[in-house]
Amino acid sequence: MADGAFTGGLIRTTVFAIVTALVQVALGLGIALLMRQLTRGQNVIRTLILLPLLTPPVMAAVVWKLVLAPNGGLLNSILLQLGIVQEPISLLGSPFWAIVMVAIADSWQWTPFVALIIYAGLLALPESVYEAAQIDGAGPWRGFCHITFPMIMPALMSVLLIKLIISFKIFDLVYVLTSGGPADSSMLSGFLIFRTALREFNVGYAAAQTLLFVIVVTIVTIPVTIIRKRTRWEQ
């Protein structure tokens, strides 16, 4: 295993973790705000959006692999029926789309978790603050920017920290969907360390890779931890 391969995998994993965590927090915030506006059926919706989270990661990966399969997959069948493509496409066989599909599968599974954490934070906000803002003439957008967002910042930072760590640890989806391919384009650190230790039996180098991986995770998560503590102190 070349050092360049590990460095590339570490950079790829860091970008993957940061991007997926930010996207899922943004999507989760949007879903949580929509759920807060509902007056009926909240319990049913909470149960439904939990279904992806309750699915074991390996099973989720198998489902997505069947959906994305070039021959007989649900996505290709829909695209062919609509005439968007003339022949089946292999998204998992594309160096660009393979890692994107892993990110989409990860977002499908973990965005509900993020949404429920943020939703719990929204429910804890005092209604008296919004009533005072309405009396002062504040609209929905100003209310969100000046009241909701600052007050749920601790919850946002907490769930962002949790999701960053989960994204760094991703293994199951890569193992089942792409096995790091094609051409190592979806080779993330968790799978790379697994391959080094248990397929190439280079345990010493895998231990060194793990140590560097932990250092990078620590460096990335420290700023989020600091911001999270500051937002709590300010409140």
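Keep in mind that what you see is a predicted model, and the values were worked out from it rather than measured.

Q: Explain helix 7 (residues 140-151) to me, and be specific about the residues and the numbers.
A: If you check which residues of helix 7 are buried, you get Gly143, Phe144, Ile147 and Thr148. Angularly, the buried residues of helix 7 cover 125° about the axis, an arc narrow enough to put them on a single face. Away from the buried face of helix 7 by more than 90 degrees, exposed residues Trp141, Arg142 and His146 are located. Along its buried surface, helix 7 packs onto helix 1 (3-37), helix 5 (95-123) and helix 6 (127-135).

Q: Residues and numbers for the nonpolar core, please.
A: If you look at the biggest cluster of nonpolar residues, it comprises 58 residues, and the most contacted ones within it are Ile118 and Leu177. When residues of this core are assigned to their parent elements, the largest contribution, 11 residues, is made by helix 5. Every residue in contact with Ile118, bar those within four places of it in the chain, is listed here: Val25, Gly28, Leu29, Ala32, Ile152, Leu156 and Val159.

Q: Describe the confidence of the model for the chain, listing the residues and the values that go with them.
A: For the chain, mean pLDDT is 87; residues scoring 70 or higher make up 96% of the total. When pLDDT is averaged over each helix and strand of the chain, the minimum, 73, is found for helix 6 and the maximum, 93, for helix 9 (residues 172-177).

Q: Account for the pattern of salt bridges, naming residues and giving values.
A: Evaluated as defined, the whole model comprises two salt bridges. A salt bridge links Asp184 to Arg195; the nearest nitrogen and oxygen atoms lie 3.7 Å apart. Taken as a pair, Asp184 in the loop between helix 9 and helix 10 (189-198) and Arg195 in helix 10 lie far apart in primary sequence, 11 residues in all. Look at Asp184 and you get partly exposed, because its relative accessible area is 30%. The class of Arg195 is buried, set by a relative accessible area of 17%.

Reading the values: rules and limits
Residues numbered from 1 in each chain as written. Predicted model: local features only at pLDDT ≥ 70, side-chain atom pairs only at ≥ 80, totals over all residues. Heavy atoms only, no water. Buried < 20%, exposed > 50% of the residue type's maximum accessible area, 1.4 Å probe, protein only. Helix = DSSP H or I, 4+ residues; strand = E, 2+ residues; numbered from the N terminus. Arc of directions from axis to C-beta. Contact = heavy atoms within 4.5 Å. Core = buried A, V, L, I, M, F, W, Y, C linked by side-chain atoms within 4.5 Å. pLDDT = per-residue confidence, 0-100. Salt bridge = Lys/Arg side-chain N within 4 Å of Asp/Glu carboxyl O.

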